[in-house]
Amino acid sequence: MPMYNMYEDQQLLYRHLTDEKPDNAPFYMHIHDQCEILYFIRGAASCTVETGTHPMIPDTLVLMRPMESHCINILASEPYERYTLNFSDDILNAVDPEHKLLTPFYERPLGELNVYRASEFSIPPVKLLAAMQNPGTEKGDRLAIMTYFYSLLGEINKAFSVKKHTPPHSLPAKSLAVEAADYINAHLFEDLSVQTVASVLFVSVSQLNRQFKKATGFSPWDYIIGKRLAAARSLIRNGIPATHAFAQCGFNDYSSFYRMYIKRFGISPKADQDETAR
């Protein structure tokens, strides 16, 4: 079991975790309906976001937005220490109703401009994350976390502004996996099949499956289903009835959707909605 410090409420989950002897079993590719900040402190790992894999060196920060697939790949059984912040957009409604602080999460292509090194920040993010560990009362925890959370988002915005205007050294040709992911995300809620994607890209289904899974950790169909479920969960948690959300997100059969929802999230759509509304 990992050693950790944690704060959690309905809008935010903050954790400082260390796995002394990690393995890949708990770190599977996943998709969720919140934003996430991962700050890597130490370990032997890489991080896959969508179709790109990035080496994780100490003091690396990675951003993920809702519907952006990602996972950590453990490369050796060395202590793996990190901070993680998972939060919903509405956490900013009171102080930033236009959500300008979320620009680095949403105003970029999926799987791009996610990774930042310590040298890209004027204030080291690890200092702000460490300052969130307030051992006082629950109210004190929330106050400490939000004070430094806004500062962290401000630092990320400044780094993103520089990064997005820095031209890449070269633009490599898109891989088959990237082209497939682009097509899937553009047609996610339509009548979509792996055969359709393969036909559009002029490759066999087996070739698409092989190269896509190598790049992402998902089969193309699991990628499609995972994103549709995450989108449906976001609608359901925002009050849309599950019987409407499933069809809006590309599912044809409610019974199948219901079973997949429980398998993926461990809770029924109705219970999930009720729990969020409390």
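All values reported here derive from a predicted model rather than from experimental measurement.

1. Brief notes about the overall build of the protein chain
Thinking step 1. What the protein chain contains, in helices and strands, is 10 helices and 9 strands.
Thinking step 2. For 278 residues, the compact-globule formula gives about 19 Å, and the C-alpha radius of gyration of the protein chain, at 19 Å, lands near that figure.
Thinking step 3. Overall, the C-alpha framework of the protein chain stretches about 55 × 50 × 40 Å when taken along its three principal axes.
Thinking step 4. Counting over 278 residues, the protein chain shows a buried share of 46%.
Thinking step 5. Here the analysis covers contacts within the protein chain between residues at least 6 apart in sequence; of these, 70% occur between residues at least 24 apart.

2. Points about the environment of Phe-218
Thinking step 1. Tracing the chain through its elements places Phe-218 in the loop between helix 6 (205-216) and helix 7 (220-237).
Thinking step 2. Beyond its immediate sequence surroundings of up to four residues, Phe-218 is in contact with Met-29, His-30, Ile-31, Ser-69, Phe-212, Lys-213 and Tyr-223.

3. Comments concerning helix 10 (residues 269-277)
What sets the pattern is the α-helix's 3.6 residues per turn: residues three or four places apart point alike.
Thinking step 1. Three or more residues of helix 10 are buried, namely Pro-269, Asp-272 and Gln-273. Looking straight down helix 10, one finds its buried side chains confined to an arc of 95°; they lie on one side.
Thinking step 2. At its buried positions, helix 10 is contacted by helix 7, helix 8 (242-248) and helix 9 (254-265).

4. Here's the deal with unusual backbone geometry
Thinking step 1. Of note in the backbone geometry, His-99 takes a positive phi value of approximately 55° without being a glycine.
Thinking step 2. Assignment of secondary structure puts His-99 in the loop between strand 8 (80-87) and helix 1 (103-106).
Thinking step 3. Looking at His-99, the relative accessible area reads 22%, which means it is partly exposed.
Thinking step 4. The phi dihedral of Phe-202 is positive, around 60°, even though this residue is not glycine.
Thinking step 5. Note on placement: Phe-202 falls in the loop between helix 5 (194-200) and helix 6.
Thinking step 6. You can call Phe-202 exposed: its relative accessible area is 77%.

5. Re the nonpolar core
A general feature of soluble globular proteins is that nonpolar side chains tend to end up buried together.
Thinking step 1. One finds Ile-184, Leu-208, Phe-212 and Phe-257 to be the most contacted residues of the largest nonpolar core, which totals 37 residues.
Thinking step 2. Among the secondary structure elements, those contributing two or more residues to this core are helix 4 (176-186), helix 5, helix 6, helix 7, helix 8 and helix 9.
Thinking step 3. Top element by residues in this core is helix 7. It accounts for 8 residues.
Thinking step 4. Here Phe-212 is in contact with Ala-177, Ala-180, Ala-181, Ile-184, Gly-217, Phe-218, Ser-219, Pro-220 and Tyr-223, once residues within four sequence places are set aside.

6. Looking at the pairing of strand 5 (residues 52-56)
Thinking step 1. In terms of strand pairing, strand 4 (residues 45-49) meets strand 5 through 5 bridges, oriented antiparallel. Each bridged residue has a counterpart across the sheet, and for Cys-47 the counterpart in strand 5 is His-54.
Thinking step 2. The turn joining strand 4 and strand 5, which pair antiparallel and follow one another in sequence, is formed by 2 residues; a positive phi near 55° is taken by Glu-50.

7. Considering the packing of helix 4 against helix 6
Thinking step 1. Where helix 4 meets helix 6, the axes come as close as 8 Å, and the angle between the chain directions of the two elements is 95°. In terms of orientation, helix 4 and helix 6 fall into the roughly perpendicular class. Contacts between helix 4 and helix 6 involve Leu-176, Ala-177, Ala-180, Ala-181 and Ile-184 from the first element and Gln-207, Leu-208, Gln-211, Phe-212 and Ala-215 from the second.
Thinking step 2. Of the residues in the contact of helix 4 with helix 6, the class split is 8 nonpolar, 2 polar and no charged.

8. Section: the environment of Glu-120
Thinking step 1. With respect to the helices and strands, the residue Glu-120 is situated in the loop between strand 9 (115-117) and helix 2 (125-131).
Thinking step 2. The class of Glu-120 is partly exposed, set by a relative accessible area of 31%.
Thinking step 3. Contact partners of Glu-120, with chain neighbours within four places excluded, come to Val-115, Ala-159 and Lys-163.

9. Brief notes about the packing of aromatic side chains
Thinking step 1. As enumerated under the stated definition, the model contains 15 aromatic pairs in all.
Thinking step 2. Measuring from ring centre to ring centre gives 6.1 Å for Phe-149 and Tyr-150, while their planes differ by 50°; the resulting arrangement is tilted.
Thinking step 3. Of the residues examined, Tyr-150 reaches a relative accessible area of 27% and is grouped as partly exposed.
Thinking step 4. The ring of Phe-265 carries the charged tip of Arg-233 above its face, separated from the ring centre by 4.2 Å.

10. A word on the environment of Ile-184
Thinking step 1. Positionally, Ile-184 belongs in helix 4.
Thinking step 2. By relative accessible area, which is 0% here, Ile-184 ends up buried.
Thinking step 3. Taking C-alpha positions, Ile-184 is 8.6 Å from Pro-220, a pair spaced 36 residues apart along the chain.
Thinking step 4. Other than its neighbours up to four places away in sequence, Ile-184 contacts Leu-192, Val-197, Phe-212, Pro-220, Tyr-223 and Ile-224.

11. Some thoughts on the pattern of salt bridges
Thinking step 1. According to the stated counting rule, one finds 12 salt bridges in the structure shown.
Thinking step 2. The closest approach of N and O atoms between Lys-158 and Glu-155, which form a salt bridge, is 2.8 Å. Of this pair, Lys-158 and Glu-155 are both found in helix 3 (residues 138-164), 3 residues apart, which corresponds to roughly one turn of the helix.
Thinking step 3. Judged by relative accessible area, which is 46%, Lys-158 ranks as partly exposed.
Thinking step 4. The structure contains a network of salt bridges with shared partners spanning Asp-33, Arg-233, Arg-237 and Asp-272.

What counts as what
Residues numbered from 1 in each chain as written. Predicted model: local features only at pLDDT ≥ 70, side-chain atom pairs only at ≥ 80, totals over all residues. Heavy atoms only, no water. Helix = DSSP H or I, 4+ residues; strand = E, 2+ residues; numbered from the N terminus. Rg over C-alpha atoms; globule rule 2.2 N^0.38 Å. Buried < 20%, exposed > 50% of the residue type's maximum accessible area, 1.4 Å probe, protein only. Contact = heavy atoms within 4.5 Å. Arc of directions from axis to C-beta. Core = buried A, V, L, I, M, F, W, Y, C linked by side-chain atoms within 4.5 Å. Pairing = 2+ DSSP bridges. Axes fitted to C-alpha atoms, helices over the stretch in contact; angles between N-to-C directions. Parallel < 35°, antiparallel > 145°, perpendicular 65-115°, else oblique. Nonpolar A, V, L, I, M, F, W, Y, C, P; charged D, E, K, R; others polar. Phe/Tyr/Trp six-rings, centres within 6.5 Å; stacked < 30°, edge-to-face > 60°. Lys NZ or Arg CZ within 6 Å of the ring centre and 35° of its normal. Salt bridge = Lys/Arg side-chain N within 4 Å of Asp/Glu carboxyl O.

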